[in-house]
Amino acid sequence: MTHFAIICPGSTGPLNTMLPLGQEMKKRGHQVTVFGILDIESKVLTAGLEFQAIGEKEFPLGAAAKSFAELGKLKGLAALKYTINLLANMASVLLRDAPELMKNIGVEAVLVNQGASEGGTVADFLDIPFVTVCSAVVLNREIGVPPFNTVWHYSSTWWAPLRNKLGYAILNSAAKPISDVINEYRREKNLTPHNHPNDRYSQLAQLSQAPAEFEFPRERLPAWFHFTGPYHSSASRASVPFPHDQLTGQPLIYASMGTLQNRLIHVFEKIATACEGLDAQLIISLGGSAKPEALPNLPGNPLVVEYAPQLEVLQKATMMITHAGMNTTMECLMNGVPMVAIPVANDQPGVASRIAWTGAGEMIPLDKLNVKQLRNSVDLVLKDNSYKQNALRLQAAIQKLGGVKLAADIIEQAVSTGKPVLNSKFLN
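Residues numbered from 1 in each chain as written. Predicted model: local features only at pLDDT ≥ 70, side-chain atom pairs only at ≥ 80, totals over all residues. Heavy atoms only, no water.

Trainee: Just give me the short version of the overall build of the protein, but keep the residues and values in it.
Mentor: Check the secondary structure of the protein and you find 14 helices and 13 strands. In terms of overall dimensions, the protein is globule-like: its C-alpha atoms have a radius of gyration of 21 Å, near the 22 Å expected for 428 residues. Among the 428 residues that make up the protein, the fraction classed as buried is 57%. Accessible surface, the protein as shown: approximately 17800 Å² in total, 52% of it carbon and sulfur. Charge separation in the protein, taken as the distance between the mean sites of 37 positive and 36 negative side-chain charges, equals 5 Å. (Helix = DSSP H or I, 4+ residues; strand = E, 2+ residues; numbered from the N terminus. Rg over C-alpha atoms; globule rule 2.2 N^0.38 Å. Buried < 20%, exposed > 50% of the residue type's maximum accessible area, 1.4 Å probe, protein only. Areas by Shrake-Rupley, 256 points an atom, 1.4 Å probe, with all protein chains shown as cover. Lys, Arg positive; Asp, Glu negative; His and termini not counted. Charge placed at Lys NZ, Arg CZ, Asp CG, Glu CD.)

Right under this line is the structure:
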């Protein structure tokens, strides 16, 4: 039995990936402790895992919720910079608190979410193995792939690397607070500083919850990188009430802008207006951004709820209008549901560009959103069967993978052997 620590950002997206992975490790007889701020404790305990608080002074109960509420009002580069500063503050607290706490409770290995890249430095300091888990779009950088925070399409043209290089230069400047926190700690502890963001990731195994077919063509992923398929499970989530009796039996259009950048009420108004008059029932989940009764009367009388049991609703949905969060996108594809993506910030633009690139949906950047274009995109996805077929193609790719069980197999091998677990495609 190995005592694993889990390190990940305290938002819903990463947790919905990391908690099922922790549950799988626990099923296999391992001890799993999640390190995080107080706001995530209830979710961790609901999932049946152990919890260790960090930064209780800097992040008392409710502090993260307030920060996420502020983030929900922002978009684009402003939201990215706010997120980076928040993550840098959390990284500083984690690097201060986690090493001693992990030593005290006997942690032997770490599962590090790619969005909390300081976790690998904690493992390096303690001289214990760690595995990187990509909940969001793959953050590994290479010049042929656009930065994750852009809606740029993949291109093999001569000018694309120049465009991407400029994008990465801007991203490096925005992300400097995180790099500074990590490298300052590494210098203090006589660890070799990271010269490149890719240096932060595991040299034993790196896991993505996406299928390879969803990712842009890659040439520089390490040989120990694995596309395993999603880890999502309703068993790690609290139950959510839902008015099933109000479903009309019409085709369902499910709309949600996630749980972070979801406080742009005008987007929900545009969605309702665009779907008015369609032979379909629109369900809008506010993701906790507001109470349904606080919204104005929306055109078409959609069914509006504060939260929806998303995994359950997607089993019945014909299509989804989404912010293009990676978890929601994978849940759509697990159910063969095509999408119209309206990315707001952070990695959502990169996910949305992949939705469009794979043909599993349409993409409308938030700053170009209008009712007419949204109506045309919804009509197109509903009526053109190619979007459904491409969603089903990606569903089939996911079904061929092992998901959380494959991820756990790789983790166990990496930790038990201390050697890189090579992807079989690199061995042919």
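The rest of the description comes next.
Trainee: Mind laying out the pattern of salt bridges, listing which residues take part and the relevant values?
Mentor: All chains considered together, the criterion is met by 14 salt bridges. Across the pair Asp409 and Arg28 runs a salt bridge, and its minimum N-O distance is 2.6 Å. Linking Asp409 in helix α14 (residues 403-417) with Arg28 in the loop between α1 (12-27) and β2 (31-36), this pair joins segments that are 381 residues apart in sequence. A relative accessible area of 41% means that Asp409 is categorised as partly exposed. Relative accessible area serves as the criterion here: at 27%, Arg28 is assigned to the partly exposed category. Close ionic contact of Glu215 with Arg354 constitutes a salt bridge, the shortest N to O distance being 2.9 Å. Here Glu215 is found in the loop between β6 (206-208) and β7 (225-227), whereas its partner Arg354 is found in helix α11 (residues 348-358), with 139 residues between them in sequence. The buried category is assigned to Glu215, whose relative accessible area is 6%. Among the charged side chains, a salt-bridge network with shared partners connects Glu24, Arg28, Lys405, Asp409 and Glu412. (Salt bridge = Lys/Arg side-chain N within 4 Å of Asp/Glu carboxyl O.)

Trainee: Tell me about the sheet that holds strand β12 (residues 339-341), and name the residues and values.
Mentor: Read across the sheet, six strands follow the order β10-β9-β8-β11-β12-β13 without closing on themselves; strand pairing throughout is parallel. Two strands bound the open sheet, and with one partner strand each, they are β10 (303-305) and β13 (361-363). Sheet twist, expressed as the average angle between the axes of neighbouring strands with direction ignored, equals 15°. Alignment of β12 against β13, held across three bridges, turns out to be parallel. Bridge assignment links Ala341 to a residue of β13, and that residue is Met363. Docked against the sheet, helix α8 (residues 265-275) engages β8 (252-256), β9 (281-285) and β11 (317-322), running at close to 175° with respect to β9. (Pairing = 2+ DSSP bridges. Axes fitted to C-alpha atoms, helices over the stretch in contact; angles between N-to-C directions. Contact = heavy atoms within 4.5 Å.)

Trainee: Which residues make up the packing of aromatic side chains, and what values do they have?
Mentor: Taken as a whole and assessed by the stated rule, the structure comprises four aromatic pairs. Pairing Phe125 with Tyr185 gives two aromatic rings, centres 6.1 Å apart and planes at 80°, and the pair type is edge-to-face. Of this pair, Phe125 sits in helix α5 (residues 119-126) while Tyr185 sits in helix α7 (residues 176-188); the two residues are 60 residues apart in sequence, bridging distant segments of the chain. A residue is classified by how much of its surface remains accessible, and Phe125, at 31% relative accessible area, is partly exposed. One aromatic cluster in this structure is built from Tyr154, Phe216 and Trp357. (Phe/Tyr/Trp six-rings, centres within 6.5 Å; stacked < 30°, edge-to-face > 60°.)

Trainee: Summarise empty space enclosed by the protein; cite the residues concerned and give the values.
Mentor: Taken as a whole and judged by the stated rule, the model has three cavities of 30 Å³ or more. In terms of lining, the largest cavity is formed by 16 residues, of which the most central are Cys8, Pro9, Ile54, Met90 and Glu118. Elements with a minimum of two residues in the lining of the largest cavity: β2 and α4 (76-105). Tallying contributions element by element places α4 first for the lining of the largest cavity, with four residues. Within the lining of the largest cavity, the residues separate by chemical class into twelve nonpolar, three polar and one charged. Of the volumes computed, that of the second largest cavity is approximately 50 Å³. (1 Å grid on protein atoms, 1.4 Å probe; cavity = no way out; pocket = protein on both sides within 12 Å on 5 of 7 lines; lining within 4 Å. Points joined across faces, edges and corners; volume = space filled by probe spheres on them. Nonpolar A, V, L, I, M, F, W, Y, C, P; charged D, E, K, R; others polar.)

Trainee: An account of the pairing of β8 is needed here, citing residue identities and associated values.
Mentor: Each regular strand displays side chains that alternate between the two surfaces of the sheet. For β8, a buried count of five out of five residues is recorded, marking the element as mostly surrounded by other parts of the structure. Across the two faces of β8 the burial is the same, with Leu252, Tyr254 and Ser256 and Ile253 and Ala255 all buried. In the sheet, β8 pairs with β9 via five bridges, with the strands oriented parallel. Residue pairing for β9: Tyr254 is matched across the bridge by Ile283. In terms of strand pairing, β8 meets β11 through five bridges, oriented parallel. Paired with Tyr254 across the strands is Met320, a residue of β11.

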